[in-house]
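A look at the structure
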Amino acid sequence: MIIEVEGLRKSFGKVEALRGVDFSVPEGHVLGMLGPNGAGKTTAVRILTTLIEPDGGRAKVCGLDVARHPAAVRRVIGLTGQATAIAPDLTGFENLEMAGRLYHLGKAASRQRARELLQRFDLADAGGRQAKTYSGGMLRRLDLTGHPSVLFLDEPTTGLDPRSRVGMWGIIRELVAGGTTLLLTTQYLDEADELAGSIVVIDHGQVIAEGTPEQLKDRIGGDVVEFSVTDRARLGAAVEAVASLGEGNPGVDLDAARVQVHAGGRGSQVLVEAVRCLDAAAVVTAGMALRRPSLDDVFMSLTGHAAEAAAASGDGTAKARRRDRGRERGGM
Ligand SMILES: Nc1ncnc2c1ncn2[C@@H]1O[C@H](COP(=O)(O)OP(=O)(O)OP(=O)(O)O)[C@@H](O)[C@H]1O
Ligand SMILES: [Mg+2]
């Protein structure tokens, strides 16, 4: 195990940010820590990266206790997110050259390494510009160039546009392919699903579920393919046509003439098959859609309540809050 956490606790005044959290990450694996605002994700990352000390429990990185050997832990980890080590007035190239010098590479080797990293992280054109002129996505890429053996990414794609987000996923995958062990926090189920081999779901400072993305999605019911039938008289024929495609019997809403097929993790495949079978049965449909489980669904099904921010912001959906956060952090 590269990361081992046992009974971890941390309070800030009266707020219990972590209330006994356990998880571990084997070498070369990616753990996704999924949870809403205020769940305790950043607190866990800050403890593991030695920025704050736990009140109770134990946390080890590469076998090193973070409270007892913080300096040694710092040498093996990388952290990006809320605490970055980029010097804004230096250019991308200079930042990387300086990092090379910190690793005790000589001048020529540092410069060579800087050029290679800029190329690899798709920053070659921006290498001569001051880091403070970089976009959020560029800064995060620059931040990832340290290729440490253990990496903590605190919401690496929050506030990025969809294209940068996919670009970031590519870079993360490359780091993991190179052997990096990764703990990634996210509010997005699709991101955890995309990158993580296993997921812990954290809510109010506690792990409320864990497993592979597949196991979690199974637990919350998985994908649903949904459609309505234009001619109500054909509803029976429609149900029969799709009866064998999903898991269990399709759900039927007689009033709305709607049918739901529970597709587990095979949403797109079932969607295509449903279109084909309905077509073959000459059933005309409207509003055919694939619904994938969202973070809201995860929390709904695991806790019986919607994902709510700890700092009772009083309002609406987790989706609205994610949008707000996107705007808030739009700069980086
Ligand atoms: N330095 C601090 N002082 C006081 N309270 C804190 C501090 N840091 C965190 N908290 C509180 O601890 C709880 C957990 O916060 P944390 O930042 O770990 O959540 P998070 O899961 O990272 O949330 P987000 O998704 O918003 O980043 C929250 O209630 C937060 O307000
Ligand atoms: Mg956080």
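Residues numbered from 1 in each chain as written. Chains lettered and ligands numbered in written order. Predicted model: local features only at pLDDT ≥ 70, side-chain atom pairs only at ≥ 80, totals over all residues.

**Quick notes on the site of ligand 1**
Let me state the cut-off plainly: For each residue, a C-beta position is placed from the backbone atoms; the residue is near a molecule or strand when that point lies within 6 Å of it. A run of DSSP states H or I qualifies as a helix once it reaches four residues; a run of E qualifies as a strand once it reaches two. Both are numbered from the N-terminal end.
Residues in contact with ligand 1 amount to 14 residues; listed here are only the nearest, Phe-12, Ala-17, Lys-41, Thr-42 and Thr-43. Among the elements of the structure, β2 (15-25) and α1 (41-48) are those that each provide at least two residues to the shell around ligand 1. Here the element with the most residues in the shell around ligand 1 is α1; it accounts for three residues.

**Notes on the packing of helix α5 (residues 136-144) against helix α6 (residues 162-177)**
To keep it simple, the criterion reads: Under this scheme, a helix contributes an axis fitted over its contacting stretch, all axes are lines through C-alpha atoms, and angles between N-to-C directions fall in the 0 to 180 degree range. When an angle is under 35 degrees it counts as roughly parallel; over 145 it counts as roughly antiparallel; between 65 and 115 it counts as roughly perpendicular; any other value is oblique. Each residue gets a C-beta atom placed from its backbone, and two residues are in contact if those atoms lie within 7 Å. Throughout this entry, Asp, Glu, Lys and Arg are counted as charged residues, while Ala, Val, Leu, Ile, Met, Phe, Trp, Tyr, Cys and Pro are counted as nonpolar. The remaining residues, Gly among them, count as polar.
Where α5 meets α6, the closest approach of the two axes is 10 Å, and the angle between their N-to-C directions is 5°. When the axes of α5 and α6 are compared, the pair comes out roughly parallel. On α6, the residues touching Gly-137, Arg-140, Arg-141 and Leu-144 of α5 are Ser-164, Gly-167, Met-168, Ile-171 and Leu-175. Classifying every residue of the contact of α5 with α6 gives four nonpolar, three polar and two charged.

**Topic: the packing of helix α9 (residues 235-242) against helix α10 (residues 267-280)**
To be explicit about the condition: Helix crossings fall into two classes, left-handed where the near helix is turned counterclockwise from the far one by less than a right angle and right-handed where it is turned clockwise.
Between α9 and α10, the least distance of the axes is 9 Å, while the angle of their chain directions is 130°. As far as their axial angle goes, α10 and α9 are oblique. For the crossing formed where α9 meets α10, the hand is right-handed. For the pair α9 and α10, the contacting residues are Ala-238, Ala-241 and Val-242 in the first and Ala-274, Cys-277 and Leu-278 in the second. For the contact of α9 with α10, a count of residues per class yields six nonpolar, no polar and no charged.

**Quick word on unusual backbone geometry**
Most peptide bonds take the trans form, and the phi angle of most residues other than glycine is negative. In this structure, Asp-122 takes a positive phi of about 60° despite not being glycine. Mapped onto the fold, Asp-122 is located in the loop between α4 (107-120) and α5.

**With respect to the pairing of strand β8 (residues 181-186)**
Along a regular strand, successive side chains alternate from one face of the sheet to the other. Rule in force here: Whether a residue is buried, exposed or partly exposed follows from its count of other C-beta atoms within 10 Å of its own C-beta, namely 20 or more, 12 or fewer, or something in between, respectively; the C-beta atoms are built from the backbone. One bridge is not enough; two strands pair if DSSP finds at least two bridges between them.
With respect to burial, β8 is a largely interior element, six of its six residues being buried. Along β8, one buried face is formed by Thr-181, Leu-183 and Thr-185 and the opposite face, lined by Leu-182, Leu-184 and Thr-186, is buried too. Note: strand β3 (residues 30-34) against β8, five bridges, orientation parallel. Bridging across to β8, Leu-34 finds its partner in Thr-186. Alignment of strand β7 (residues 150-154) against β8, held across five bridges, turns out to be parallel. In the strand pairing of β8, Val-150 is matched with Thr-181.

**What to know about the confidence of the model for the chain**
Low pLDDT marks stretches whose predicted atomic positions should not be read closely. For the record, the criterion: Per residue, pLDDT captures the predictor's confidence, and it can take any value from 0 to 100.
For the chain, the mean per-residue pLDDT works out to 82, and 83% of the residues sit at or above 70. By mean pLDDT, helix α12 (residues 318-328) is the weakest element of the chain at 38, and strand β1 (residues 3-12) is the strongest at 97.

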